[in-house]
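Chain and residue survey
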Amino acid sequence: MSSVVTPEFTRGLPKAELHLHIEGTLEPELKLKLAKRNHVDIGQTTIADVQKTYNYHDLASFLAVYYPAMNVLQTEEDFYDLAWDYLTKAAANNVRHVELFFDPQAHTSRGIPFEVVLNGLYQATVDARALNVDAHLIMCFLRDFSKESARKTLQEGLKYRDKIIGIGLDSDEHNNPPLKFARQFEEAASAGLHITTHCDIDQKDSIEHIRQALEIMEVERLDHGTNIVEDPDLVELAAKRKIGLTSCPLSNSFVSPEMKGQEVIELLNAGVKVSINSDDPAYFKGYISDNYYALAQKYDLTKDQIVQLAKNSFETSWISQRQKQLYLDEIDHFVTANA
Ligand code: ADE
Ligand code: ZN
């Protein structure tokens, strides 16, 4: 097999996307279209104006641009359009399976009913079956909101239990440890939902948060989580438990000086199931295949390493063993055909 990784190879490779915020797929074009449709003044009227606001250097400065933009999302149709636009791009990137995040509190807190958000997103995931994309919803709690707000959000979410695959935790990690939401996570897990949490890169308490998530809350995946390399015992635990780590290279390069590729390589070598994802592609200049390709270029990854990352994405997804095997076979066929 030629070891050269090309953009065509990363695009065609069958993959799962496990770390994707649907609100982070809001492209400037759609933002402006929805602003007009809903008569929302966002203070920008051209794509260049919108792009000029995209100045961030860390998680907090990114979130300060990210949340206000959501004001354009008002109706079920808006949420449908947002998800549909992403899902067509996922299909073009040969994403065969996606477990996507949504942030209900970012919408309910500004008066949008929970069911408007859920129904719009869910209908798009149903329609995406015709695109050959198997899409599921992960409901995230905003960790900088209160426990009480998370409790209410979980109650709402549980009314739609069959439309949600799991629970996540995102937003500003500073002084907001995973343990703050231990009870809500336990209740969600008892209801049969999968659980994952962001452990963003280079946070004040990164290692302590990773330790809480793995040892106490027993999450199945860590979103980002690559600071784990600083603690060999936790790396060993993650490998043993087959914990999925969902790394997002282009996102990392915006909120830190690096894509964290050395960490990804180290984790691959340690047998940890790390995968590559796009996080907020409309804001970080690249969808999932761009992330694979950028990482391969920057760190000289081989095709074998890229293929292992794609296999890890299916292996740590929340699907049956039978489905995993079918997708892994699909990868093997693709690799043979593109040797
Ligand atoms: N919300 C959207 N993207 C996020 C990220 N990378 N970390 C935390 N919260 C987010
Ligand atoms: Zn994220």
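Residues numbered from 1 in each chain as written. Chains lettered and ligands numbered in written order. Predicted model: local features only at pLDDT ≥ 70, side-chain atom pairs only at ≥ 80, totals over all residues. Heavy atoms only, no water.

Some words on the site of ligand 1
Rule in force here: Here a residue is near a molecule or strand as soon as one of its heavy atoms is found within 4 Å of it. Pairing of N or O atoms within 3.5 Å defines a polar contact, subject to two protein rules: one partner must be a possible hydrogen donor and the other a possible acceptor, and residues neighboring in sequence count only if both atoms are side-chain atoms. The protein chains shown are the only cover counted for residues, whose accessible areas, like all others here, come from Shrake-Rupley with a 1.4 Å probe. Here a cavity denotes a set of grid points, spaced 1 Å apart and computed over the protein atoms alone, in which a 1.4 Å probe fits but from which it cannot get out, and a pocket denotes an open set meeting protein on both sides within 12 Å along at least five of seven lines; residues with an atom within 4 Å of a point are reported as lining. By definition, a pocket or cavity contains a molecule when more than half of the molecule's atoms lie within 2 Å of the pocket's grid points. In DSSP terms, a helix is any run of H or I states spanning at least four residues, a strand is any run of E spanning at least two, and both are numbered starting from the N terminus. Residues are sorted three ways: Asp, Glu, Lys and Arg are charged, Ala, Val, Leu, Ile, Met, Phe, Trp, Tyr, Cys and Pro are nonpolar, and all the rest, Gly among them, are polar.
Taken together, His21, Leu59, Phe62, Leu63, Tyr66, Asp170, Ser171, His198, Asp200, His224, Asp279 and Asp280 make up all the residues around ligand 1. Aspartate 279 places a polar side-chain atom, nitrogen or oxygen, 2.8 Å from a nitrogen atom of ligand 1. Its free accessible area being 260 Å², ligand 1 has 99% of it covered by the protein chains. Spatially, ligand 1 is embedded in the largest cavity. For the shell around ligand 1, the element with the most residues is helix α4 (residues 59–66), which contributes 4 residues. For the shell around ligand 1, the class distribution of residues is 4 nonpolar, 4 polar and 4 charged.

A word on the packing of helix α2 (residues 28–37) against helix α5 (residues 76–92)
Defined as follows: Each axis is a line fitted through C-alpha atoms, taken for helices only over the stretch in contact, and angles between the N-to-C directions span 0 to 180 degrees. The cut-offs work like this: below 35 degrees is roughly parallel, past 145 is roughly antiparallel, 65 to 115 is roughly perpendicular, and the gaps in between are oblique. Crossing chirality is assigned from the near helix's rotation relative to the far helix, an anticlockwise turn below a right angle marking it left-handed and a clockwise turn marking it right-handed. By definition in these notes, contact holds between two residues if any of their heavy atoms fall within 4.5 Å.
Two numbers describe how α2 lies on α5: the axes approach to 12 Å, and their chain directions differ by 165 degrees. The angle between α2 and α5 places the two elements in the roughly antiparallel class. Here the hand of the crossing between α2 and α5 comes out right-handed. Along its contact with α2, which presents Leu30, Leu34 and Arg37, the element α5 presents Glu77, Asp78, Asp81, Leu82 and Asp85.

Regarding the packing of α5 against helix α7 (residues 114–127)
Relative to each other, α5 and α7 sit at 35 degrees, their axes nearing to 7 Å. Both α5 and α7 take part in a crossing whose hand is right-handed. For the pair formed by α5 and α7, the contact residues are Glu76, Phe79, Tyr80, Ala83, Trp84 and Leu87 on the first element and Val116, Val117, Asn119, Gly120, Leu121, Gln123, Ala124, Thr125 and Asp127 on the second. Among the residues forming the contact of α5 with α7, the class breakdown is 9 nonpolar, 4 polar and 2 charged.

Notes on empty space enclosed by the protein
Basically, it comes down to this: Grid points are joined across faces, edges and corners, and a volume is the space filled by probe spheres set on the points.
Under the criterion given, the structure shown has 1 cavity of 30 Å³ or more. As for the largest cavity, its lining consists of 19 residues, of which His21, Leu59, Phe62, Asp279 and Asp280 are closest to the centre. Of all elements in the fold, only α4 and α12 (249–255) reach the threshold of two or more residues within the lining of the largest cavity. Ranked by residues supplied to the lining of the largest cavity, first place goes to α4 with 4 residues. Partitioning the lining of the largest cavity into residue classes produces 8 nonpolar, 6 polar and 5 charged.

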